[in-house]
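Listed below are the residues making up each chain.
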Amino acid sequence: MEHASVGCGGPSNNTSRNINTNTNINTNIIQVRAAQSASDITALATLRYNEWMMDHQEVSRDAFTAATYELFQERSAQQSIVFLAMMNMGTKANKGSSSNSKSKNSKSEEEEPAGAIELSPIELDQVVLNQGEGSNSNNVGNNHHRFLYATDLVTASQFRRQGVAATIMNAAEQRCFPGHLLLHVEPNNSAALMFYDK
C-alpha cells in the first residue's frame, strides 16, 4: 500500500486547533456538513448501503442502517467525524397538515446523499511516525496536533464526476491541522492516485 499525507488547509502557526463539527460548506448545489442528526445518519446509511451492499442480498437495508447508527455512535465517542455531502435537488411543494399552519402549502429543499468521508484518529492509535529531527513525540495518537485518517470516502454513483469527492476532501482538509490528514491508496488505483495528487 502506498501512503500519502495530504496537506490540510488551516492555520500555519503552531497552536492547537479543534475540529469544528458545526461548519457547513456550500458549493453550488452540494452542501457538506458534519453528520450529527438522526436524518444525517440515515442518509449516510442509505448512501453506503446503495454503494457497497446492493449486491449482498443477505444483508437487509434495516440491519445495515441499525449497524451504521451503532458504529457512528461508537466512533464519534472516539473523536471520529463524518462529513456528509448532500445534493440539493430543488424545492418540493408540501401540503400542510397542521391546523396551526398559516399556509396549507409550503416548500422545502429536497436533498439526496451524494457522498461521505470519515476522519478518524482511531486507525492511528499506537502508530509511530518519524516526524524528523527535533520532534518531541513520534506517537501519532498522542501528538499535540492530532493526525486524522481519511477513511470510507464514497460518492453516490449518480453524482460521480460532478465535484462531490473534491468538495468533501476540501471540507476534510479544512478541519485538520496542516499536514495532519493521512490516507492510503493502492498503488494500482491510478484514478484515486490522480484524484489525491490534485
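Up top is the structure these notes are about.
The structure reproduced in this document is the subject of the present report. Because the structure is predicted, anything quoted here is derived from the model rather than measured.

A count of helical and extended segments in the chain gives four helices and seven strands. Reading the secondary structure of the chain in the N-to-C direction produces β-β-β-α-α-β-β-β-α-β-α. Summarising the internal contacts of the chain: among those between residues at least 6 apart in sequence, 73% fall at separations of at least 24. With an accessible surface of roughly 12,000 Å², the chain has 46% of that area assigned to carbon and sulfur atoms.

Below, the discussion takes up the pairing of strand E7 (residues 181-185). Burial analysis of E7 places four of its five residues in the buried class, the great majority of the element. Where strand E6 (residues 148-155) and E7 come together, two bridges link them in parallel fashion. Counterpart to Tyr149 in the pairing with E7 is Leu182. In this fold, the crossover linking E6 to E7 by way of helix H3 (residues 164-174) has right-handed handedness.

Core analysis: the largest hydrophobic core is formed by 35 residues, its most contacted members being Val32, Phe83, Ala116, Ile117, Leu119, Val164 and Leu181. The set of elements that each furnish at least two residues to this core consists of strand E3 (30-34), helix H1 (38-53), strand E4 (81-95), strand E5 (105-120), E6, H3 and E7. With seven residues, E4 is the largest single contributor of residues to this core. Apart from residues lying up to four places away in sequence, Leu119 is in contact with Gln79, Ser80, Ile81, Phe83, Leu148, Tyr149, Ala150, Ala172, Arg175 and Leu181.

A separate point is the pattern of salt bridges. Oppositely charged side chains can pair when the atoms bearing their charge come close. Counted according to the given criterion, the structure contains six salt bridges. Between Glu51 and Arg160 there is a salt bridge whose closest N-O contact spans 3.1 Å. Taken together, the positions of Glu51 in helix H1 and Arg160 in the loop between E6 and H3 put the pair 109 residues apart, joining distant regions of the chain. When the shortest N-O distance is used, the salt bridge between Arg75 and Glu123 registers 2.6 Å. Of the two residues, Arg75 sits in helix H2 (residues 61-77) while Glu123 sits in the loop between E5 and E6, which places them 48 residues apart along the sequence. On the basis of relative accessibility, which here comes to 34%, the residue Glu123 falls in the partly exposed class.

On the secondary structure map, Ser80 appears in the loop between H2 and E4. Residue Ser80 is classed as buried on the basis of its relative accessible area, which comes to 10%. A distance of 3.2 Å separates the side chain of Ser80 from the side chain of Glu118, its partner in a polar contact. Here the side chain of Ser80 touches Ser120 through a polar contact of 3.0 Å, side chain to side chain. Contacts of Ser80, omitting those with residues within four sequence positions, involve Arg75, Glu118, Leu119, Ser120, Pro121 and Ile122.

Time to look at unusual backbone geometry. Positioned with a positive phi, Gln79 is a non-glycine residue whose angle comes to about 75 degrees. Positionally, Gln79 belongs in the loop between H2 and E4. In this model, Asp152 sits at a positive phi of 55 degrees, which is unusual for a non-glycine residue. For Asp152, the position within the fold is in strand E6. Taking the relative accessible area as the measure of exposure, Asp152 reaches 33% and is therefore partly exposed.

Two numbers describe how H1 lies on H2: the axes approach to 9 Å, and their chain directions differ by 125 degrees. By the angle between their axes, H1 is oblique relative to H2. As for how H1 packs across H2, the hand of that crossing is right-handed. Contact with H1, carried on its side by Ala38, Ile41, Thr42, Leu44, Ala45, Thr46, Arg48, Tyr49, Asn50, Trp52 and Met53, involves Arg61, Phe64, Thr65, Thr68, Tyr69, Phe72 and Gln73 of H2 and no other residues of that element.

Rules behind the numbers
Each residue is numbered by its place in its chain's sequence as written, counting from 1. With pLDDT at 70 or above as the cut-off, local features in this predicted model cover only qualifying residues; side-chain atom pairs require 80 or more to be listed or tallied, and sums for whole chains, interfaces and linings still use all residues. Water and hydrogen atoms play no part in the side-chain values, which are based on all heavy atoms of the structure. Only DSSP runs of H or I covering at least 4 residues are called helices, and only runs of E covering at least 2 are called strands; the numbering of each starts at the N terminus. Any two residues whose heavy atoms approach within 4.5 Å at even a single point are treated as in contact. In short, Shrake-Rupley with a 1.4 Å probe defines the accessible areas, and a residue's cover is counted only from the protein chains shown. Each residue is placed in one exposure class: buried if its accessible area under a 1.4 Å probe, protein chains only, is under 20% of its type's maximum, exposed if it is over 50%, and partly exposed if it falls in between. DSSP bridges decide pairing: two strands pair if at least two such bridges lie between them. Here the term right-handed applies to a crossover when the path leading from its first strand over the helix to its second strand runs clockwise, the strands being oriented away from the viewer. What we call a nonpolar core is a set of buried Ala, Val, Leu, Ile, Met, Phe, Trp, Tyr and Cys residues that are connected through their side-chain atoms within 4.5 Å. Just to be clear on terms, a salt bridge is a Lys or Arg side-chain nitrogen sitting within 4 Å of an Asp or Glu carboxyl oxygen. In the analysis that follows, any N or O atom pair within 3.5 Å is treated as a polar contact, provided that within protein one partner can donate a hydrogen and the other can accept it, and provided that, for residues neighboring in sequence, both atoms belong to side chains. Note on definitions: angles span 0 to 180 degrees between N-to-C directions of axes, and those axes are lines fitted to C-alpha atoms, for helices only across the stretch in contact. Under this scheme an angle from 65 to 115 degrees is roughly perpendicular, one under 35 degrees roughly parallel, and one over 145 degrees roughly antiparallel; angles in between are oblique. The sense of a crossing depends on the near helix, which, turned anticlockwise from the far helix by less than a right angle, makes the crossing left-handed and, turned clockwise, makes it right-handed.

Keep in mind these values describe shape, not function.
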